[in-house]
Amino acid sequence: MTSPEHRRPGSGRRARDRHGRGLRGRLVPATVPLSRTKAEVFDDLVLDTVETLERRFAKELAGVEFAVEDVPPDLNVYDSDVLEDGEVPLARLLPGRPGRQEVPPRIVLYRRPLEFRAMDREDLADLVHDVIIEQVANLLGVDPDELA
């Protein structure tokens with residue numbers, strides 16, 4: 001074995017470039033759907049439903065904010081503005097407050113509880129759609145069947 005001072009420069013062992021092929025890049029190109037995270041896929045499902053509703057009810061939904069949070073906040077008791085499955089919140093409707101500090105209405109979906117209840121992506125898409133329809137119906141004071 002040669003001593004360290006007699007080695008050629010750059011001949012040290014590199015874990016990813018053993019055979020001089022260069023460093024490895026991404027295994028999946030960014031343009032392929034496999035490279036999307038669960039959060040990005042979930043956001044797309046929410047946007048699809050919201051865009052469909054906004055085309056049909058542009059006037060009623062003008063100024064309504066839609067948001068996604070990973071998990072619901074830790075509260076002992078949830079208000080009636082929370083859509084729950086058992087004891088687990090799935091979404092929350094925060095009605096707007098008119099006045100000097102006007103706050104627009106906001107619908108918040110909780111990603112992890114919804115993902116947990118879905119069997120696959122199609123099931124998740126249906127669940128997200130149903131939850132958004134339910135919350136928008138509550139906001140507008142109409143029957144959810146009128147929006148679907």
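Just above, that's the structure.
(A) Just the sheet that holds strand 2 (residues 82–85), in detail. Sheet architecture is open: 4 strands sit in the order 1-4-3-2, paired in mixed fashion. The outermost strands of the open sheet, each flanked by one partner alone, are strand 1 (65–69) and strand 2. Averaged over all pairs of adjacent strands, the angle between their axes in this sheet comes to 15°, without regard to strand direction. Here strand 2 runs beside strand 3 (residues 88–94); their pairing, made up of 4 bridges, is antiparallel. Counted as the bridge partner of Glu-84 is Pro-89 from strand 3. Here helix 4 (residues 121–140) sits on the sheet and contacts strand 1, strand 2, strand 3 and strand 4 (106–110); the angle it forms with strand 3, its principal contact strand, is near 40°.

(B) Representation of the environment of Glu-65. Here Glu-65 lies in strand 1. Beyond its immediate sequence surroundings of up to four residues, Glu-65 is in contact with Pro-104, Pro-105, Arg-106 and Ile-107. Side-chain polar atoms of Glu-65 contact the side chain of Arg-106, separated by 3.2 Å.

(C) Highlighting the side chain of Glu-115. You can see Glu-115 is positioned in helix 3 (residues 111–117). Those residues in contact with Glu-115 that sit more than four places away from it in its chain are Lys-38, Phe-42 and Leu-124.

(D) Molecular detail of the environment of Arg-56. One can find Arg-56 in helix 1 (residues 38–56). In sequence terms Arg-56 and Leu-147 are 91 residues apart; their C-alpha atoms lie 8.9 Å from each other. Among all residues touching Arg-56, those that are not within four sequence positions of it are Glu-146, Leu-147 and Ala-148. At 2.7 Å, the side chain of Arg-56 and the backbone oxygen of Leu-147 are in polar contact.

(E) Layout of the nonpolar core. In terms of nonpolar packing, the biggest core is built from 23 residues, with Leu-109, Val-128 and Ile-132 touching the most fellow members. Taken together, the elements giving at least two residues each to this core come down to helix 1, strand 3, strand 4 and helix 4. With 7 residues, the top contributor of residues to this core is helix 4.

Conventions used here
Residues numbered from 1 in each chain as written. Predicted model: local features only at pLDDT ≥ 70, side-chain atom pairs only at ≥ 80, totals over all residues. Heavy atoms only, no water. Pairing = 2+ DSSP bridges. Helix = DSSP H or I, 4+ residues; strand = E, 2+ residues; numbered from the N terminus. Axes fitted to C-alpha atoms, helices over the stretch in contact; angles between N-to-C directions. Contact = heavy atoms within 4.5 Å. Polar contact = N/O pair within 3.5 Å; in protein donor to acceptor, adjacent residues only side chain to side chain. Core = buried A, V, L, I, M, F, W, Y, C linked by side-chain atoms within 4.5 Å. Buried < 20%, exposed > 50% of the residue type's maximum accessible area, 1.4 Å probe, protein only.

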